Each structure stands twice: as C-alpha cells, then as structure tokens.
Amino acid sequence: MNNELYIYNSFTREREKFEPLHEGHVGLYVCGPTVYSDVHLGNCRTFVSFDIVYRYLTYLGYKVRYVRNITDVGHLEGDIDSDAEDKISKKARLEQLEPMEIVHKYTLGFRDIMHLLNALPPNIEPTATGHIIEQIEMVSKILENGFGYIKNGSVYFDTPKFVKEYGVYGKLSGKQIEELFTETREALKKQDEKNHPSDFAIWIKADERHLMRWPSPWSVGFPGWHLECSAMSTKYLGAQFDIHGGGMDLQFPHHENEIAQNYGACGSMPVRYWMHGNMLLLNGRKMSKTPDPITGKSNSILPLELFTGQNEIFSKAYSPMTMRFFMLQCHYRSTLDLTDAALLAAEKGYRRLMDAYKALQQLQAPANAEAAQLDQEINGLIDQAFEDMNDDFNTPKALSRLFELVATINGIKDGHLPADRVSAATLQRLKEVFQHFIFDIFGLLDEHDGGQDGQTVDGLMQLIINIRKEARERKDWGTSDQIRDALKDLQIQLKDSKEGTSWVKGS
Ligand code: AMP
Ligand code: ZN
C-alpha cells in the first residue's frame with residue numbers, strides 16, 4: 001500500500017506529494033465565515049471539506065495546528081474596496097445593534113451548526129478585531145518595504161510594484177494581470193485615490209458610517225478584508241506554512257491579495273499547498289447569500305431549514321448526518337448540486353452504512369485463524385480506500401470501497417456468505433478500519449442511536465443480548481422473553497441467527 005499523501009495544489013495546478021515544513025507537524029489555515037448573517041449550506045460544505053482534511057491529517061499521525069478565523073470586520077459589501085459599507089457595520093446599523101452583538105450572535109450560531117455537522121473546532125479561532133495591532137504592524141512592514149502608499153489616510157497595496165518584483169499576481173486565480181486591471185476598474189469608485197486600478201486597500205480611513213474603527217499611524221480606520229488572514233496566519237503558523245484552504249470563490253481577490261501582502265511584508269510565498277473547495281449549487285447555481293436583483297431572494301438554504309424541514313425547496317427534513325454523508329459522496333474539488341433526489345439517496349446510503357457498521361460489530365470471529373478465501377479481497381479494498389484518501393482526499397472513491405465491503409458484511413450477516421471465508425485477523429482489521437473511517441475520518445455520527453452516545457448504546461445492547469443468551473442457556477425462558485418484550489416496547493427487534501443475535505430499531 002502506498003502511504004504517501006498527494007494534494008492538488010491550486011497554485012501550481014499540480015497534484016503534489018505532501019511534505020510538511022516541519023516533520024510530523026502541519027500548519028493548516030482555513031478562511032472562516034464573515035459573521036454578519038447565518039451561514040448557509042454552501043459555506044458549510046467548505047468547512048466540512050476542510051474538517052475532513054483536518055481529520056485525515058490527524059488520523060495519519062500529524063500534529064495539526066488548525067487555524068480558522070472569524071471575519072468580524074473589514075469585509076465590504078460586494079467584496080471590493082469601493083466606498084461600500086462594512087457588512088457587519090451595515091447589519092448593526094439596520095438592526096440597531098452594536099456590531100459586536102451581531103458578531104457574537106452569528107459566531108455562536110456558526111459554532112452550533114458546525115457542532116451539529118460534527119465538524120471539529122479548530123485549534124485557534126482568531127478574530128480580525130482581536131488582531132488589529134498585528135494588522136497595523138503588517139501594513140507598516142508593507143510600507144517600509146515599499147509595497148504600499150498612503151492616500152488621504154488610507155493605505156493601498158502597490159500591485160504593479162509587486163508584479164515587477166515577484167510577478168505572481170494573478171497566478172493563483174489564473175487571471176492575466178491586464179484582465180485583473182480592467183475587471184477591477186469598473187468596480188472601483190475610489191479610483192482617484194489609487195495609483196493603479198488593481199491596487200487594493202490594506203487600511204481604510206473610516207467615515208462616520210463605520211461603527212468599527214481604530215486609531216492607526218495613518219487615520220482612524222479599519223483594516224482591509226484580506227489583511228486579517230495574512231496577519232493571523234503569519235502570527236500563528238509562521239511566515240510560511242503548509243496548507244491554506246477556502247472556497248474557490250476566495251481565490252480572487254482574497255487569496256491573490258493575501259499572497260501579495262505576505263510577499264510585501266515578509267518577502268515570500270506564505271503557503272506551500274493552496275487548497276480550494278468547489279461550490280455547493282442550488283437550482284444549478286452557486287448557493288449564495290446575495291439577493292437576486294430582480295426577485296430579492298437569495299439562492300440559498302440555511303442548515304436549520306434543511307434539518308427541520310421548514311423550507312419550500314425540499315419534500316422533507318434531512319438530518320445533519322445525511323447532509324454530511326451527501327457531501328462526502330462528492331470530491332471536494334467538484335461542484336455539488338443539492339437536490340431532493342440526491343438527499344434521499346444520501347439518507348439511504350448513510351443508513352445502510354451505519355447498519356452495516358452495527359452488523360459488523362456483532363459478527364463473531366470464526367474458529368479458523370488461518371488465511372481465508374475473502375481475506376485478500378477485503379484487505380485489498382481497505383488498502384484502496386486509504387489510497388483514495390491519499391489521492392487528494394478522494395472521499396467518494398473511499399466511500400465506494402466501504403460499500404463494497406458493506407456487501408460482504410451483509411452477506412455474512414444474512415448467511416449468504418459462510419462466516420469462515422474471513423479469517424479472525426481480517427475480521428478484526430475490518431472492524432477497526434470501519435470504525436476509523438466512519439467516525440474518525442468521515443466524521444459521521446450514528447444518529448439512530450443518539451449521536452455521540454451511539455457506541456454506548458451498542459455496548460449496552462450487547463450486554464443485554466449476552467444476559468438473554470445466558471438466560472436461554474440456563475433454559476430461563478421467562479427472563480429471555482421478558483427481555484425480548486421489553487425491547488419490543490422500545491421498538492427494538494432482536495434477530496437470532498447462526499452467527500448470534502443482532503438488533504435493529506423499528507417495529
Ligand atoms: P464568507 O462567509 O462569505 O466569507 O464564506 C465563508 C466560506 O464559504 C468561504 O470559504 C467561501 O468560499 C465559502 N462558500 C461560499 N459560498 C459557497 C458555496 N455555495 N459552496 C461552497 N462554499 C461556499
Ligand atoms: Zn481569508
């Protein structure tokens with residue numbers, strides 16, 4: 001089995017062998033949400049994709065420092081530094097709340113959703129407002145190094161100077177520099193302040209509309225949106241670190257500008273492997289908060305609307321684990337269309353996988369410890385599943401291998417396949433690998449058994465089954481029947497077969 005991990009690097013557009021900067025350690029930075037409204041399921045897809053990356057790197061034995069920021073200032077309407085308003089400031093003004101009330105509300109909401117989707121919390125969750133000093137320092141360095149200039153209290157990044165010196169502006173997003181210049185020209189209203197249309201603000205002088213502002217050497221103002229990620233990734237992971245992630249729509253301008261800022265301040269490329277997740281689609285279009293100019297409706301659905309069924313898009317409610325399973329069925333670099341049919345299929349697939357996991361736990365090791373007929377096939381599929389994960393985190397392929405194994409597990413459980421076709425050692429490996437893949441790597445929970453308590457329930461059920469078995473061996477039919485009836489009242493069915501007793505929920 002090949003144990004080397006390969007990652008598709010969006011910067012070089014190559015599949016590259018992963019070699020961390022410091023052996024055994026990985027620095028992972030993922031752009032977090034802008035907390036001015038609830039995250040939609042599209043945002044969740046990106047965070048779940050990187051949760052899998054984090055989980056798999058951890059599973060491989062790396063000590064990962066996972067940093068995912070909270071954008072709580074600086075992200076302007078329309079993602080451009082025109083004289084547009086800060087998204088959080090605007091929401092605070094509209095709702096007559098303190099900006100920090102908005103930030104707090106949506107940060108907590110975001111964490112709740114991540115918890116429901118069983119996405120692990122990052123090791124550090126820094127906020128932009130908590131790192132104003134670091135951002136001011138970075139602007140100073142950029143100015144010192146000659147990559148920025150001051151106009152009317154705002155500071156701009158000098159892109160032509162950067163292109164001349166390093167020549168990498170536009171490489172990540174695959175845009176020609178001329179294209180960037182014309183694209184941005186249309187959008188800019190503060191054009192007169194900039195020396196060049198593609199220059200971007202790294203410090204913005206605040207007018208009276210801006211509720212969040214800080215003193216700086218240049219003006220009372222606030223940092224440009226792109227600056228926070230450069231400043232916080234450098235602070236917590238160093239001037240160069242291993243992996244930077246985010247959705248594809250962040251390649252330009254956000255990540256392109258992050259690269260420019262880091263070169264400007266530190267003189268080097270900050271990131272070794274750039275990873276970008278593709279978009280979740282709804283009605284064939286990118287899911288987005290931005291309202292349609294004609295209908296005024298946004299093409300999005302919130303996680304809780306999906307989980308509770310309170311929406312006009314889908315026929316029924318779908319659980320968080322169905323959603324997570326649905327996301328796993330697609331490679332993170334492909335687009336994924338959210339449809340009723342696909343969710344129904346994911347719901348079925350998720351149940352089938354969980355049922356097989358339970359059945360597998362109850363399969364008894366056969367008497368023969370020797371190599372058996374199915375060993376090679378089973379071990380081959382397990383190895384392939386790991387190779388799929390090592391091939392740029394290919395979850396759909398790895399999942400399909402697990403489903404091939406599910407067929408074998410069900411065959412043994414139902415008696416179509418004799419249990420002695422699998423040796424005790426292979427059965428043991430299969431049990432361990434299923435456990436690791438389903439819970440540790442894919443991050444699924446067993447929702448039917450009370451989420452994280454599922455394993456406890458499995459253990460308790462096994463205990464009850466054993467007590468009943470002993471009662472039957474003693475010919476204590478009274479106790480045995482009492483257990484069966486009590487479980488029936490709880491809608492738990494016991495099924496006796498040659499291989500032992502298994503249980504299922506449902507009447
Ligand atoms: P934002 O809160 O807008 O800064 O977005 C947070 C994250 O969600 C970013 O990494 C975006 O790239 C990502 N994102 C936004 N829309 C989608 C979508 N439809 N599908 C997948 N990821 C998305
Ligand atoms: Zn970012």
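Residues numbered from 1 in each chain as written. Chains lettered and ligands numbered in written order. Predicted model: local features only at pLDDT ≥ 70, side-chain atom pairs only at ≥ 80, totals over all residues. Heavy atoms only, no water.

Participant: Explanation requested: the sheet that holds strand E12 (residues 285–286) in the structure shown.
Facilitator: The strands making up a sheet associate through backbone hydrogen bonding, with each pair oriented either parallel or antiparallel. Taken in spatial order, the three strands of this open sheet run E12-E11-E13, and their pairing is mixed. The two strands at the open ends of the sheet, each matched to only one other strand, are E12 and strand E13 (336–338). Here strand E11 (residues 280–282) pairs with E13 via three bridges, running parallel. Residue pairing for E13: Leu-281 is matched across the bridge by Asp-337. Running at roughly 150° to E13, helix H10 (residues 320–328) makes contact with E11 and E13 of the sheet. (Pairing = 2+ DSSP bridges. Helix = DSSP H or I, 4+ residues; strand = E, 2+ residues; numbered from the N terminus. Contact = heavy atoms within 4.5 Å. Axes fitted to C-alpha atoms, helices over the stretch in contact; angles between N-to-C directions.)

Participant: Looking at this structure, how should I read the side chain of Gln-251?
Facilitator: You can see Gln-251 is positioned in helix H8 (residues 251–266). Excluding anything up to four places from it in sequence, Gln-251 contacts Ser-10, Leu-172, Ser-173, Glu-256 and His-276.

Participant: What is the right way to look at the packing of aromatic side chains in this model?
Facilitator: The geometry of an aromatic ring pair is captured by two quantities: the separation of the ring centres and the angle between the planes. Taken as a whole and judged by the stated rule, the model has 24 aromatic pairs. Both rings, one in Phe-18 and one in Tyr-62, keep their centres 5.7 Å apart while their planes meet at 85°; by these two values the pair is edge-to-face. Taken as a pair, Phe-18 in the loop between strand E2 (14–17) and strand E3 (25–30) and Tyr-62 in the loop between helix H1 (41–59) and strand E4 (63–68) lie far apart in primary sequence, 44 residues in all. Following the ring pairs from residue to residue traces out a cluster consisting of Phe-147, Phe-157, Phe-162, Tyr-166, Tyr-169, Phe-200 and Tyr-263. The ring of Phe-47 carries Arg-68 above its face, with NZ or CZ at 5.4 Å from the centroid. Positioned above the aromatic ring of Tyr-8 is the side chain of Arg-333, whose terminal nitrogen or guanidinium carbon lies 3.8 Å from the ring centre. (Phe/Tyr/Trp six-rings, centres within 6.5 Å; stacked < 30°, edge-to-face > 60°. Lys NZ or Arg CZ within 6 Å of the ring centre and 35° of its normal.)

Participant: Hey, could you run me through a nonpolar patch on the surface in this one?
Facilitator: Together, Leu-460, Leu-463 and Ile-467 make up an exposed nonpolar region whose accessible area comes to about 280 Å². By secondary structure assignment, the location of Leu-463 is in helix H15 (residues 454–473). (Patch = residues over 30% accessible without salt bridge, like charges linked within 9 Å, V, L, I, M, F, W, Y side chains within 5 Å. Areas by Shrake-Rupley, 256 points an atom, 1.4 Å probe, with all protein chains shown as cover. Salt bridge = Lys/Arg side-chain N within 4 Å of Asp/Glu carboxyl O.)

Participant: I'm lost on the pattern of salt bridges in this one. Help?
Facilitator: Two side chains carrying opposite charge are able to pair once their charged atoms lie near each other. The tally for this structure, following the rule as stated, stands at 17 salt bridges. As a salt-bridge pair, Arg-55 and Asp-51 come within 2.9 Å of each other at their nearest N and O atoms. With Arg-55 and Asp-51 both in helix H1 and four residues apart, the pair spans about one turn of that helix. Each member of the pair Arg-55 and Asp-51 is classed as buried. (Buried < 20%, exposed > 50% of the residue type's maximum accessible area, 1.4 Å probe, protein only.)

Participant: Looking at this structure, how should I read the site of ligand 1?
Facilitator: Not every one of the 18 residues close to ligand 1 is listed here, only the nearest: Gly-42, Thr-46, Asp-249, Leu-280 and Met-287. Thr-46 places a polar side-chain atom, nitrogen or oxygen, 2.6 Å from a nitrogen atom of ligand 1. Contacts to ligand 1 include Leu-280, whose backbone N or O atom sits 2.8 Å from a nitrogen atom. For ligand 1, whose accessible area on its own is 500 Å², the fraction buried by protein is 93%. Structurally, ligand 1 is housed in the largest pocket. The set of elements that each furnish at least two residues to the shell around ligand 1 consists of H1 and strand E9 (241–247). In terms of residue count, the dominant contributor to the shell around ligand 1 is H1 (four residues). Taken together, the residues of the shell around ligand 1 sort by class into six nonpolar, nine polar and three charged. (Near = heavy atom within 4 Å. Polar contact = N/O pair within 3.5 Å; in protein donor to acceptor, adjacent residues only side chain to side chain. 1 Å grid on protein atoms, 1.4 Å probe; cavity = no way out; pocket = protein on both sides within 12 Å on 5 of 7 lines; lining within 4 Å. Sits in = over half its atoms within 2 Å of the grid points. Nonpolar A, V, L, I, M, F, W, Y, C, P; charged D, E, K, R; others polar.)

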